[in-house]
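Structure at a glance
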Amino acid sequence: QLQAGAFQSLIEHLQQRSDEVQNIDLMTISGFCRNCLAKWLVLEARKLAKEMKDTNATKEQNNIINALDAMGYDDAAYEVYGCEYPKWKKRHAKKASVEQMQKYNDSSDIHAKHEKEVLKPVLSKEVVERLAIKENEGTDKACIKQASGSLLSDVCCEDVENLEKKEEVTNNNGMKEGAREKSSGFNIPPSVIGKLNLNVGILTVSDRASNNQYETGDLSGPAVASAFQTALNSLQKANSLLRGSVVNKMIVSDEKSQICDVLTSWSRTVSSSESPTCNLIFTTGGTGFSRRDVTPEATLSIIDCECRGFMPFISNECATFGNQPLAALSRGVCGLRGQTIIMNLPGNPAGAAQIVGLALPLIVHAVKDLES
């Protein structure tokens, strides 16, 4: 009873601080979040039901055992959140920043793990009700909510409704064609091994920024630089030999010739691997559908080959898991010129920064391959 009382106080404490305390921050600091508490409730229900089955249970106790077996994650989440999780998320969940995601990924070693099979309901609500009717016993329906199989993965801060669930696909005639499972999200690859130095160039492409028409000045370039440093700091924890710095910055207008000139002059040729030129260039801006948006065309005209799968992957991750529904509208490309990787980012500072955080753990492997 003491432990149960303490647990109740904990979930009430978190319910009263739904806006201030986000799940992702709980995971980063403590290794568990509200979703973990819900899972542990289900696990305790399974343990208690098993213990009661090992005794000569009465009819009333059998009803309790059945109710415990019918308890699913959604039931437990309701107790922890004080409401249905989708409603809590809509009211209180906030979009994670790039820095929050980096800290979350860095703390993965302490994250709680859960056995999915144990979390699945053993009995459905309908079965429990039929058993109760058969035994002429009244079932306490207040403690038997709708059993559900929707479970979180071990990454507790992902959406409940997006995991272990299939998305129906509709064709042009409005007919259901079947279903496909949601992506599981981006898993950061292992760190590169050995010494690697990233010389980064950041090119802002914007008519207004180049003409000093923004009161705040250029925001995209600094956002990319800050996101690069944050992502680099995270990667350096796994490889102290990884170095990197922004060696070139420039702002040009939305003119194809200007963009090409800068990208060409910054790029590293095979014969100049020790020169201060860049082995990684980020452009930001000019990737939309305006008549003046020509950054992808300029990039394609000077690269040796295109990395065609990279940008669609990044767009999908941002749209599906990064709360960026317009990410797919970016026409940015990624390709190689000599020993330099050139990547187009959108002009939106937040969107550009988010992509850098996703892309850099992958890009370092490509740069390492180019220089090996």
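The sections below set out a description of the structure shown in this document.

What counts as what
- Residues numbered from 1 in each chain as written.
- Predicted model: local features only at pLDDT ≥ 70, side-chain atom pairs only at ≥ 80, totals over all residues.
- Heavy atoms only, no water.
- Pairing = 2+ DSSP bridges.
- Helix = DSSP H or I, 4+ residues; strand = E, 2+ residues; numbered from the N terminus.
- Contact = heavy atoms within 4.5 Å.
- Axes fitted to C-alpha atoms, helices over the stretch in contact; angles between N-to-C directions.
- Phe/Tyr/Trp six-rings, centres within 6.5 Å; stacked < 30°, edge-to-face > 60°.
- Buried < 20%, exposed > 50% of the residue type's maximum accessible area, 1.4 Å probe, protein only.
- Salt bridge = Lys/Arg side-chain N within 4 Å of Asp/Glu carboxyl O.

**Quick word on the sheet that holds strand 4 (residues 242-252)**
Taken together, the six strands give an open sheet; going across it, the order is 4-3-5-8-7-6, and neighbouring strands pair in mixed fashion. Bordering the open sheet on either side are strand 4 and strand 6 (305-306), each of which pairs with just one other strand. Pairing geometry for strand 6 and strand 7 (residues 334-337), over two bridges, is antiparallel. Counterpart to C305 in the pairing with strand 7 is L336. Running at roughly 175° to strand 4, helix 11 (residues 220-236) makes contact with strand 3 (196-205), strand 4, strand 5 (280-284) and strand 8 (340-345) of the sheet. Running at roughly 165° to strand 8, helix 13 (residues 295-302) makes contact with strand 3, strand 5, strand 6, strand 7 and strand 8 of the sheet.

**Observations concerning the pairing of strand 7**
Regular strands have side chains that alternate between both faces of the sheet. Relative to strand 8, strand 7 is paired through four bridges, and the arrangement is antiparallel. By the bridge assignment for strand 8, C334 is matched with M343.

**Regarding the packing of aromatic side chains**
Counted under the stated rule, the structure contains four aromatic pairs. Between Y81 and Y85, the aromatic rings sit 5.0 Å apart at their centres with planes inclined by 70°, giving edge-to-face as the arrangement. You can call Y85 buried: its relative accessible area is 8%.

**Re the pattern of salt bridges**
Evaluated as defined, the whole model comprises nine salt bridges. We note a salt bridge from R292 to E255, for which the minimum N-O separation is 3.0 Å. A residue pair is termed long-range when its members are at least 10 positions apart, and R292 in the loop between strand 5 and helix 13 and E255 in the loop between strand 4 and helix 12 (256-266) qualify at 37 residues. Relative accessible area serves as the criterion here: at 32%, E255 is assigned to the partly exposed category. For the salt bridge of E371 with R268, the shortest nitrogen-to-oxygen distance reads 3.3 Å. Taken together, the positions of E371 in helix 15 (residues 349-371) and R268 in the loop between helix 12 and strand 5 put the pair 103 residues apart, joining distant regions of the chain. On the basis of relative accessible area, E371 is assigned to the partly exposed category, the value being 34%. A relative accessible area of 4% means that R268 is categorised as buried. Residues joined by salt bridges that share partners form a network here, namely D207, E255 and R292.

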